Amino acid sequence: MSSVSLPAFDALYRGSADPWLTETRWYERRKRALVLACLPHERYEHAYEPGCGSGVLTHALAARCDDVLASDGSDRAVAIARRRLAGFDNVKVERHAVPEDWPSRAFDLVVLSELVYFLDSAAIDAIGGLVARSIAGPDAGPGAGTALACNWRAPIAGYGHSGDEAHRRLAAAIGLPSVFEYRDADFIVSAWSRDPKSVAMRESIR
């Protein structure tokens with residue numbers, strides 16, 4: 001169902017522990033800060049981050065979540081992420097191909113960062129449905145029911161979807177109200193929730 005070439009990703013991570021320079025490039029650090037700022041709750045209980053890569057965003061999520069399950073389809077990426085996150089008792093890194101290995105448990109946060117445009121239409125649709133099913137109801141915790149996706153917007157050679165197309169398809173498949181959207185020439189970040197109230201509404205400011 002997926003269009004990801006896992007051997008190609010393993011080869012990338014054999015060449016470098018950080019092939020996209022997520023630790024050092026200002027573009028990546030700025031994007032990560034925006035992703036974290038887009039989360040409508042300060043804390044979450046149970047988070048899932050498929051396609052975690054080397055675990056740089058996972059490292060940041062660990063400070064906002066009681067527990068984080070991160071996964072990647074690349075054995076090399078999983079090994080690198082496990083080393084990076086070895087000191088975090090609240091983080092577990094597993095090898096998952098998605099949507100096939102999607103966990104059956106509930107989460108109150110799912111983060112899909114730079115993942116879905118690598119997938120075919122059937123996989124994107126399946127993941128959207130799984131996200132909606134996985135996100136816990138409004139009584140599950142302080143961060144109940146948030147999904148966030150971030151996608152690169154420039155053309156992506158060798159894959160069937162642009163980032164914008166994949167993002168739109170994912171949003172339709174998730175089918176939850178939008179609570180945030182940011183876009184510039186390079187990337188788009190959206191968050192959806194079962195609770196569409198704004199942050200100010202949740203804090204009784206308005």
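Residues numbered from 1 in each chain as written. Predicted model: local features only at pLDDT ≥ 70, side-chain atom pairs only at ≥ 80, totals over all residues. Heavy atoms only, no water.

### Looking at the pattern of salt bridges
So the rule is basically this: Salt bridges, as used here, are contacts in which a Lys or Arg side-chain nitrogen is within 4 Å of a carboxyl oxygen on Asp or Glu. Secondary structure elements follow DSSP: runs of H or I no shorter than four residues count as helices, runs of E no shorter than two count as strands, and numbering proceeds from the N terminus. A simple rule labels every residue: compare its accessible area, found with a 1.4 Å probe on the protein chains alone, to the largest value its type can have, and call it buried under 20%, exposed over 50%, or partly exposed in between.
According to the stated counting rule, one finds 13 salt bridges in the structure shown. Taking the shortest distance from any N to any O, the salt bridge between E28 and K31 comes out at 3.0 Å. Within this pair, E28 and its partner K31 are both found in helix α2 (residues 26–38), separated by 3 residues, close to a single helical turn. Taking relative accessible area as the criterion, E28 reaches 9% and is therefore assigned buried. By relative accessible area, which is 6% here, K31 ends up buried.

### Some words on the environment of E203
In this structure, E203 sits in the segment after α7 (199–202). The exposure class of E203 is exposed, given its relative accessible area of 56%. Expressed as a C-alpha distance, the spacing of E203 and K92, which sit 111 residues apart in the sequence, is 31 Å.

### Overview of helix α4 (residues 75–84)
Formally: As used here, the arc is the angular range of directions from the helix axis to the C-beta atoms.
The set of residues buried in α4 consists of A77, V78, I80 and A81. One side of α4 carries all its buried residues, which in axial view fall inside an arc of 165°.

### Here's the deal with the packing of aromatic side chains
What counts here: Centres within 6.5 Å make a pair out of two Phe, Tyr or Trp rings, where for Trp the six-membered ring is used; the pair is then stacked when the planes are under 30 degrees apart, edge-to-face when over 60, and tilted otherwise.
Following the criterion strictly, the structure yields 6 aromatic pairs and no others. Where Y48 meets F107, the ring centres are 5.2 Å apart and the plane angle is 20°; that geometry is what we call stacked. Here F107 lies in the loop between β3 (91–95) and β4 (109–113) and Y48 lies in strand β1 (residues 44–50), a separation of 59 residues in the sequence. Grouping residues by exposure puts Y48 and F107 together as buried.

### So, the sheet that holds β4
Applied cut-off: Any two strands with at least two DSSP bridges between them are considered paired. Axes here mean lines fitted to C-alpha atoms, for a helix over just the part in contact, with angles spanning 0 to 180 degrees between N-to-C directions. Contacts: residue pairs with any heavy atoms within 4.5 Å of one another.
Within the open sheet, the 7 strands sit side by side as β3-β2-β1-β4-β5-β7-β6. Their pairing is mixed. One side of each edge strand has no neighbouring strand; the edge strands of this open sheet are β3 and β6 (178–183). Neighbour-to-neighbour, the strand axes of the sheet open up by a mean angle of 15°, direction not taken into account. Judged from the 5 bridges that link them, β6 and strand β7 (residues 187–193) form a sheet pairing that is antiparallel. Along β7, the bridge assignment pairs F180 with A191. Across the sheet, α2 lies against β5 (146–152), β6 and β7, angled at about 20° from β7, the strand it touches most. α4 rests against β2 (65–72) and β3 of the sheet, and its axis sits at about 165° to β3.

### Some points on α2
Note that an α-helix has 3.6 residues per turn; residues three or four places apart therefore point the same way. Test applied: Multiplying 1.5 Å by the helix residue count minus one yields the expected span of that helix.
Its 13 residues place the ends of α2 18 Å apart at the C-alpha level, agreeing with the 18 Å of an ideal helix rising 1.5 Å per residue. Every buried residue of α2 is accounted for by Y27, E28, K31, R32, V35, L36 and C38. Buried residues of α2 fall within an arc of 160° about the axis and therefore sit on the same side. Along α2, exposed side chains directed more than 90 degrees from the buried face belong to W26 and A37. On the buried face of α2, the contacting elements are α3 (56–61), β5, β6 and β7.

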